[in-house]
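Chain by chain, the residues run as shown.
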Amino acid sequence: MKTDLSVVVQVTERCNLSCKYCHLDKYRAKRDITRATAEKLMYELLNYNDRFGHFTWAGGEPLLIDDSFFADIAEYSKNHNQKSLDISHSIQTNGVLLTLERKKRLQSYGYKLGGSFDGCLDVQEKVRVTSNKNLSDQIVQNLTNGQKDMGLITVLTSELIGREEEVYANLKKMTARARINSYAPSGSGLAEAATLLPSVDDAAKSMLKFYDMWRTDTSDIILNPFSSIVRGFITGWVKTCDYSAYSCARILGVNPVGDVFLCSRSTHFPETKLGNINETTLEELIGNQVHQKVLDRYFALKEGDCKGCEWLSVCSGGCPIEAQSFAGDFNKKTYYCEARKAVFKKIDEDLKNDGNQIFAKKTRVFQ
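Predicted model only: the values in this text are computed from it and were never measured.

Peer 1: Lay out the overall build of the chain in plain terms, naming residues and giving numbers.
Peer 2: Within the chain, the regular secondary structure consists of 15 helices and 12 strands. Buried positions account for 54% of the 367 residues belonging to the chain. Just so you have it, the chain exposes about 16000 Å², and 50% of that area is on carbon and sulfur atoms. Measuring between centres, the 48 positive side-chain charges of the chain sit 2 Å from its 46 negative side-chain charges.

Structure below.
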């Protein structure tokens, strides 16, 4: 069945930080996307999709690119929207270059903004390495600017184990929408696995702490992946990519020269390349043998590592790129399998006891 797609586009491979867990190859070419490639990609996606078109402009650090590029992108989307689709654009930034003036300008072009913050200032300075240690305070200021209108991602490494309450409190001060991402060793980040990768038991305990704080919090903060997982339990499927083979297959990654990959985190794996948008149409790439790998993996896990698991429908065995990077096998289940099971079991119990009343409100599932 044909479905609409989203893309995460690396507008540049350059970056002004050197994050220890970065999934990009540190020896990458540091290329920037051209306007012609960006416009061709947008034309293809907006002609392929039937309902919406969502573009995430990422990197590297996308704000190393001049704002005139993002103004042009907004115009391209209008020019090529022949089907009158619901189009949205977002930029995922590390915050270093996001002044208040620039933030307002990008928002005036129609962009939603998301950022990255590692929960505690000292961890931010230690893991998201800068040439200026005092820059971390400025990053926090740039990501907030007295507002809470940016979604923030925090990566759960061993550095945050035992500091969950502090992290949660900091995120609540900074945003109304946050996500705790598990550290998935890949690319350059593989070299830091020995020091940054939490044990499965520590990861389980930490995720349960974050979940319990969110579950009992009377504020309106959205904390993923928990909000998405609970919605998945109620509605029947989880939408976030690393918990859903279906969603994973719908979110493509594109590098600066127009190479299309299964995922924005897999651009260092040639075997996950579908083709190049400058050389062929999106229609020809979608459903090809490489693209089919994500759904094939789900069925392989169903008869393999995850056979008989009651949580497969809300887990999908985890991220395939994590499996390929860390286990060397695309069809292996996630390193965090037992940690995920602990969270699923707790959510399942709470839903049965709650009758969906608190969770329906917290996840806005009926809105």
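Peer 1: Any chance you could break down the confidence of the model for the chain for me, citing the residues and the numbers?
Peer 2: Per-chain confidence: the chain averages 92 in pLDDT, with 96% of residues scoring 70 or above. The spread of mean pLDDT over the elements of the chain runs between helix α15 (residues 357–363), the lowest at 70, and strand β11 (residues 259–261), the highest at 98.

Peer 1: I'd love a proper account of the environment of Gly 318, names of residues and values included.
Peer 2: Take Gly 318: it is sitting in the loop between α12 (293–303) and α13 (320–327). With a relative accessible area of 4%, Gly 318 lands in the buried category. Remark: the alpha-carbon pair of Gly 318 and Tyr 336, spanning 18 residues in sequence, is separated by 7.9 Å. Look past the residues within four positions of Gly 318 in its chain and what remains in contact with it is Asp 242, Arg 297, Thr 334 and Arg 340.

Peer 1: Which residues make up unusual backbone geometry, and what values do they have?
Peer 2: For the peptide bond that leads from Gly 59 to Gly 60, omega is 20°, which places it in the cis range. Inspection of the secondary structure assignment puts Gly 60 in the loop between β3 (52–58) and α2 (67–79). Backbone torsion omega between Asn 224 and Pro 225 reads 15°, so that peptide bond is classified as cis. Counting through the fold element by element, Pro 225 comes out in the loop between β9 (222–224) and α9 (226–235). We note that Ser 84 has phi near 55°; this positive angle belongs to a residue other than glycine. Judged by its relative accessible area of 63%, Ser 84 falls in the exposed class.

Peer 1: So, the side chain of Thr 175: which residues are in play, and what are the values?
Peer 2: With respect to the element layout, Thr 175 can be found in the loop between α6 (164–174) and β8 (177–182). A distance of 2.6 Å separates a polar atom in the side chain of Thr 175 from the backbone oxygen of Met 150. A polar atom in the side chain of Thr 175 sits 2.9 Å from the backbone nitrogen of Arg 177. The residues touching Thr 175, leaving out its near neighbours within four places in the chain, are Lys 148, Met 150, Gly 151, Leu 152 and Ile 221.

Peer 1: Quick rundown of α2? Include the residues and the values.
Peer 2: Between its terminal C-alpha atoms α2 stretches 19 Å, which fits the 18 Å expected from 13 residues at 1.5 Å a residue. Of all the residues in α2, the buried ones are Asp 67, Phe 69, Phe 70, Ile 73, Ala 74, Tyr 76 and Ser 77. Contact partners of the buried residues in α2: α1 (35–48), β3, β4 (86–93), α3 (100–108) and β5 (111–116).

Peer 1: Got a sec to walk through the packing of α1 against α2? Specific residues and values, please.
Peer 2: Orientation of α1 relative to α2, taken along the N-to-C sense of each, is 30°, at an axis distance of 10 Å. Put simply, α1 runs roughly parallel to α2. Seen along the crossing, α1 lies across α2 with a hand that is right-handed. Contacts between α1 and α2 involve Arg 35, Ala 38, Glu 39, Met 42 and Leu 46 on the former and, on the latter, Ser 68, Phe 69, Asp 72, Ile 73, Tyr 76 and Ser 77.

Here is what the cut-offs are and how they apply
Residues numbered from 1 in each chain as written. Predicted model: local features only at pLDDT ≥ 70, side-chain atom pairs only at ≥ 80, totals over all residues. Heavy atoms only, no water. Helix = DSSP H or I, 4+ residues; strand = E, 2+ residues; numbered from the N terminus. Buried < 20%, exposed > 50% of the residue type's maximum accessible area, 1.4 Å probe, protein only. Areas by Shrake-Rupley, 256 points an atom, 1.4 Å probe, with all protein chains shown as cover. Lys, Arg positive; Asp, Glu negative; His and termini not counted. Charge placed at Lys NZ, Arg CZ, Asp CG, Glu CD. pLDDT = per-residue confidence, 0-100. Contact = heavy atoms within 4.5 Å. Polar contact = N/O pair within 3.5 Å; in protein donor to acceptor, adjacent residues only side chain to side chain. Expected span 1.5 Å × (residues − 1). Axes fitted to C-alpha atoms, helices over the stretch in contact; angles between N-to-C directions. Parallel < 35°, antiparallel > 145°, perpendicular 65-115°, else oblique. Left-handed = near helix turned anticlockwise from the far one by under 90°.

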